[in-house]
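Reading the structure
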Amino acid sequence: MKPLILAAGLALAATGAQANKVYVSNEKGNTVTVLDSTTWQVLTEFPAGNRPRGITMSPDGSLLYVCASDDDTVRVFDAETYQELYTLPSGPDPELFVLDHSGSPLYIANEDDNLVTVVDTEAHTVLAEIPVGVEPEGMGISPDGKFVVNTSETTNMAHFISTEDYEIKHNILVDQRPRYAEFSADGKKLFVTSEIGGTVSVIDIAPDGTPTLSYKVSFEVPGVLPEWLQPVGAKATSDGKWLFVALGPANRVAVIDQQSHEVVDYIMVGQRVWQLAFTPDEKYLLTTNGNSNDITVIDVAAHKAIKSIPVGQQPWGVVVAPD
Amino acid sequence: MIRALCLLVAGALLILSAGGAAAVEVRAAVLRVDYPRLAPISRYDLVPEDMGLAGATLADEDNATTGRFLGHTYTTTAVTTDAEGAEAALDALLADGIRLIVVLAEAGDVLRLADRAGPDVLLFNAGARDTGLRDAECRANLLHIAPSEAMLADAVAQFAIWKKWPRWALIHGSNPADLARAEAYRKAAAKFGAKIVEEREFEDTGGSRRTDTGHVLVQRQLPVFTQDMKDHDLVIAADASDVFAPYLPFHLWDPRPVMGAAGLRPVSFHAATEAWGATQFQRRFEALTGRYVREEDYQVWLALRVIGEAVTRTGAADPATLRAYALGDDFELAAFKGLAVTFRPWNGQLRQPILLFDGRINVSVSPQDGFLHQRSPLDTLGLDEPESACRAFQ
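Chains are numbered independently. Their residues run from 1 in the order of the written sequence. Working convention: letters from A go to chains and numbers from 1 go to ligands, in the order in which they are written. Per-residue local features are limited, in this predicted model, to residues with pLDDT of at least 70; the limit for side-chain atom pairs, both in listing and counting, is 80 or more; totals at the level of whole chains, interfaces and linings are taken over all residues. As a convention, hydrogens and water are excluded, and side-chain values are obtained from all of the structure's heavy atoms.

**So, the interface of chain B and chain A**
Note on interface size: it is often stated as the accessible area lost on association of the parts. Definition in use: Pairs of residues are marked as contacts when any of their non-hydrogen atoms sit within 4.5 Å. We define buried area as the total accessible area lost by two parts upon association, computed with a 1.4 Å probe and summed across both. A carboxyl oxygen of Asp or Glu within 4 Å of a side-chain nitrogen of Lys or Arg is what we treat as a salt bridge. In this text, helices come from DSSP runs of H or I with a minimum length of four residues, and strands from runs of E with a minimum of two, each type numbered from the N-terminal end.
Contact with chain B, which involves 34 residues of that partner, is made by 34 residues of chain A. Considering only the side of chain B, the residues that lose the most area to chain A are B:Phe69, B:Gln280 and B:Arg283, jointly responsible for 21% of the buried surface there. In this structure, the connection of chain B to chain A is made through 4 salt bridges. Across the pair A:Asp112 and B:Arg283 runs a salt bridge, and its minimum N-O distance is 3.1 Å. At the level of secondary structure, the elements contributing two or more residues to the side of chain B that touches chain A comprise α1 (2-16), α2 (53-67), α8 (278-289), α9 (295-314) and β11 (333-334) of chain B. Looking at which element gives the most residues to the side of chain B that touches chain A, the answer is α8(B), with 5 residues.

**Some remarks on the state of the cysteines**
All names here are of chain B. For the record, the criterion: Cysteine sulfur atoms are paired as a disulfide whenever they come within 2.5 Å of each other.
Summed over all chains, the structure comprises 1 disulfide over all chains. The disulfide partner of Cys-138 is Cys-390, and the S-S distance across this bridge is 2.0 Å. When the S-S torsion is 85 degrees, as for the bridge of Cys-138 with Cys-390, the disulfide is right-handed. Linking Cys-138 in the loop between β4 (122-125) and β5 (142-144) with Cys-390 in the segment after β15 (362-366), this pair joins segments that are 252 residues apart in sequence.

**With respect to the domain arrangement of chain B**
Residues and elements named next belong to chain B. The cut-off we apply is this: Marked domain ranges trace back to an automatic or database domain assignment. When residues are grouped by polarity, Ala, Val, Leu, Ile, Met, Phe, Trp, Tyr, Cys and Pro land in nonpolar, Asp, Glu, Lys and Arg in charged, and all others, Gly among them, in polar.
Under the domain assignment used here, chain B contains domain 1 (17-147 + 270-352) and domain 2 (150-265). The C-alpha-based centres of domain 1 and domain 2 are spaced at 31 Å. At the junction of the two partners, domain 1 supplies 12 residues and domain 2 supplies 11 residues. Taken over both partners, the interface formed by domain 1 and domain 2 buries close to 990 Å², and the fraction arising from carbon and sulfur atoms is 59%. Linking domain 1 with domain 2 are 0 salt bridges. Here the side of domain 1 that touches domain 2 is built from residues that sort into 6 nonpolar, 3 polar and 3 charged.

**Thoughts on the environment of B:Ala237**
Residues and elements named next belong to chain B. What counts is decided by this rule: Each residue is placed in one exposure class: buried if its accessible area under a 1.4 Å probe, protein chains only, is under 20% of its type's maximum, exposed if it is over 50%, and partly exposed if it falls in between.
Along the chain, Ala-237 falls in strand β8 (residues 234-238). For Ala-237, a relative accessible area of 0% corresponds to the buried category. As a C-alpha pair, Ala-237 and Tyr-185 span 52 residues in sequence and 9.4 Å in three-dimensional space.

**Focus: the UniProt feature "domain: YNCE-like beta-propeller" (unreviewed entry) in chain A**
The criterion, for reference: UniProt positions are given in the numbering used here, feature names are shortened, and annotations may be inferred rather than shown by experiment.
Under the feature "domain: YNCE-like beta-propeller" (unreviewed entry), the UniProt entry names residues 235-319 of chain A. For residues 235-319 of chain A, the helix share is 0%, the strand share is 58%, and the end-to-end C-alpha distance is 12 Å.

**Comments concerning helix α4 (residues 107-117) of chain B**
Within α4(B), burial applies to B:Ala107, B:Asp109, B:Val110, B:Leu111, B:Leu113, B:Ala114 and B:Ala117. On the buried face of α4(B), the contacting elements are β1 (24-34), α3 (86-95), β3 (100-104), β4 and β5 of chain B.

**Describing unusual backbone geometry**
Note: most peptide bonds trans; most residues except glycine with negative phi. Omega for the bond connecting A:Ser104 with A:Pro105 falls within 30 degrees of zero, at 0 degrees, which places this linkage in the cis form. When you line up the elements, A:Pro105 lands in the loop between β8 (94-99) and β9 (106-110). Across the junction of B:Ser366 and B:Pro367, the peptide omega takes the value 10 degrees, indicating a cis bond. With respect to the helices and strands, the residue B:Pro367 is situated in the segment after β15. In this structure, A:Glu282 takes a positive phi of about 60 degrees despite not being glycine. Residue position: A:Glu282 is located in the loop between β24 (273-278) and β25 (284-289).

**A look at the nonpolar core**
Put simply, the rule is: Residues belong to a common nonpolar core when they are buried Ala, Val, Leu, Ile, Met, Phe, Trp, Tyr or Cys residues joined through side-chain atoms within 4.5 Å.
In terms of nonpolar packing, the biggest core is built from 50 residues, with B:Phe124, B:Phe281, B:Leu304, B:Ile307 and B:Phe343 touching the most fellow members. It is α9(B) that provides the largest number of residues to this core, a total of 10 residues. Dropping the residues within four chain positions of it, B:Leu304 is found in contact with B:Ala28, B:Val30, B:Ala56, B:Ala59, B:Asn63, B:Thr76 and B:Val102. By size, the runner-up hydrophobic cluster in this structure holds 37 residues, among which are A:Val118, A:Ile141, A:Leu229 and B:Phe69.

**Some words on the sheet that holds β11(B)**
This is how the line gets drawn: Between any two strands, at least two bridges found by DSSP are needed for them to pair.
Strand order in the open sheet formed by 3 strands is β11-β12-β13 (chain B), with antiparallel pairing between adjacent strands. Since the sheet does not close on itself, it has two edges, and those belong to β11 and β13 (350-351) of chain B, each with one partner.

**Considering the packing of α9(B) against helix α10 (residues 319-327) of chain B**
Axis angle and axis distance: for two packed helices, these are the angle between their axes and the distance between the axes, and together they describe the pair. Residues and elements named next belong to chain B. Quick note on the threshold: Lines fitted to C-alpha atoms define the axes, with helix axes restricted to the stretch in contact, and inter-axis angles between N-to-C directions lie between 0 and 180 degrees. Each angle gets one of four labels, with under 35 degrees taken as roughly parallel, over 145 as roughly antiparallel, 65 to 115 as roughly perpendicular, and the rest as oblique.
It is the contact of α9 with α10, at a shortest axis distance of 9 Å, that shows an interaxial angle of 100 degrees. When the axes of α9 and α10 are compared, the pair comes out roughly perpendicular. For the pair α9 and α10, contact is made by Val-306, Ile-307, Ala-310, Val-311, Arg-313 and Thr-314 and by Thr-321, Leu-322, Tyr-325 and Ala-326, respectively. Here the contact of α9 with α10 is composed, by residue class, of 7 nonpolar, 2 polar and 1 charged.

**As for the packing of aromatic side chains**
The condition that has to hold: When two rings of Phe, Tyr or Trp (its six-membered ring) have centres within 6.5 Å they constitute a pair, described as stacked for plane angles under 30 degrees, edge-to-face for angles over 60, and tilted for the intermediate range. Only when the NZ of Lys or the CZ of Arg is both within 6 Å of the ring centre and within 35 degrees of the ring normal is a charge said to sit over the ring.
The tally for this structure, following the rule as stated, stands at 20 aromatic pairs over all chains. Taking the centre distance of 6.5 Å and the plane angle of 70 degrees together, the rings of A:Phe219 and A:Tyr266 count as edge-to-face. With A:Phe219 in the loop between β19 (211-218) and β20 (234-236) and A:Tyr266 in strand β23 (residues 263-268), this pair connects stretches of sequence that are 47 residues apart. For A:Phe219, a relative accessible area of 10% corresponds to the buried category. An angle of 85 degrees between the planes, with centres 6.1 Å apart, marks the rings of B:Tyr325 and B:Phe331 as edge-to-face. Overall, the relative accessible area of 2% leaves B:Phe331 in the buried class. Taken together, the ring pairs in this structure connect B:Phe269, B:Phe281, B:Phe285, B:Tyr298, B:Trp301 and B:Phe336 into an aromatic cluster. A cation over an aromatic ring shows up here: A:Arg272 above the ring of A:Trp274, its NZ or CZ 3.7 Å from the ring centre. Directly above the aromatic system of B:Phe69 lies the positively charged group of B:Arg68, at a separation of 4.7 Å from the ring centroid.

**Some words on the sheet that holds strand β18 (residues 199-205) of chain A**
All names here are of chain A. The antiparallel open sheet is built from 4 strands, whose spatial order is β16-β17-β18-β19. At either margin of the open sheet sits one strand with a lone partner, and together these are β16 (178-183) and β19. Within this sheet the neighbouring strands show an average axis-to-axis angle of 20 degrees, counted without direction. Two strands pair when backbone bridges link them, and β18 and β19 are joined in this way by 7 bridges, in the antiparallel orientation. Bridged to Ile-203 within β19 is Leu-213.

**Observations concerning the UniProt feature "domain: Leucine-binding protein" (unreviewed entry) in chain B**
Those residues carrying the UniProt feature "domain: Leucine-binding protein" (unreviewed entry) are residues 81-203 of chain B in this numbering. In residues 81-203 of chain B, the share of helix is 42% and the share of strand is 24%. The end C-alpha atoms are 30 Å apart.

See below:
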């Protein structure tokens, strides 16, 4: 373990920053675009199945998981060679998923069938199918790994699924079309974005895991119709300071103070901003912009967009390789 | 027995923990009145047996899935009748204890049924577009899911003005519904600054529109019918009776786009829309019914989703509570059209975006950019509060 850390330290010293690969799923282009996080150059684009949306990586960075929604499967690629290794049984129309911190299982939202499918990523078997609300979408996992949260877009609930017995333990009603669930790093708060409701619900998590809806963040941008402020993807910094929320057709990312729940900034990005991902050092935040077919790089500390890079057709999800 | 009941409740509470609601049984009905009609001009418009009712089946599934987490159950009874049997059908539903009724009927019958049902029943108009039902003829126990003729005409007008095509030729049919629709377009033109430079009436004389050589006659007659019109940017087809509008594109004397009942059509929903998550709706509907969705299906689905949403948020199933919640500030519902739909508290009309459909894709969605309103851009479509003569909601 130690030599690895040393080696990483050396590499950092030499280049000034760790180069990580960035993988972007292109929903309409049926491809994944790969970029370099130091040069922000596109390295390649490879076929990823039909309607690739959710995208994530194994903890060691060797495997790339892609929800190929229209193929009703999760495709698994070698993160270096981009060769498809195998597929995982996903249930129909997988949209978003979240990986257990250990790398298995994978929790998949099946949008058409009102299910969350739990898949063992090593044995390639389905461990459980959990009936949830209508149009399950957002998937989050608590920092301690005890709960997976699924949001259902038409039922308008956050479902708290125990990772021990795969039973739903709690349901919290939120505003219309909940899209994404993101825990704070300390696990004490859960943020749920509601696209049509135009809010982010802040849910307090008690030490025993009981959730309570405590606050709703709303948004206001001069010159933008309130109807177009539609929260979608969200990412929380691990220092507990900021929550970044993609506002879809408002073409902005909101910056929310995780403690006071105040919206402190709106960052202009590309059109129809959808999902977000940090680089491992949380220096940069990447946004997928579905209508302008690009991603925007945000300087996290400065709350500023610094660059946009064209990718494939209708970029949807983004993941950055771990260090 | 009592013990068994308690156990059941305890079990339900375990699942809930968050909702805190008790078991609620929601019983609704869809009442469809069928009328004798000619076959549509296009086979694509053939009316399926389960027209509208299929939307109820999907809504029941959607509501039940949500209800499972809250201890709410949903049952919707579907009834079809001819106009003569409408009252008896309503009476049977009321006798059965049903107080939430979605109606697919012509305006006159909708009013008849609403008046017969009385104030303890909540009806949802999922079909009739007559603006009058949202105006002087409104009823306190009747909410409108279907967009009005005024909303649909305004949706077209906004797009035409956005395109800077303000000079319209209006061709309308001769039946009362056609004339009402023509009036909606006249008002829309006045509201948004378009000018109707010429009007012509296409008389419904009957005829063999779909015979083997029908197109030969159409091809010769329509250019003659539309020649020598004053200079215009587009043709508005006000044809509620499906008599002539589909023939207008490509057969006009002057090459102009057609909007209204043909060409660019304002609709509440269509089977090709996939924006704002609509793909999921389409897939669920098609898997359930084996066919494409129609506006009536969507409107019935939406009516029952309004009920479902109000039940979910209030934990009640009585008409008074649901009506108050639906008309209140807290109500909003996602409807696969990009914006939350809400009700106009002054006449019970559901605010909603209108899709502009060319038969294959969304060409645009109204309200258009730049048409502003102090309350919501959706209130730029249809009767606004000061214009509506509806007083039943005061």
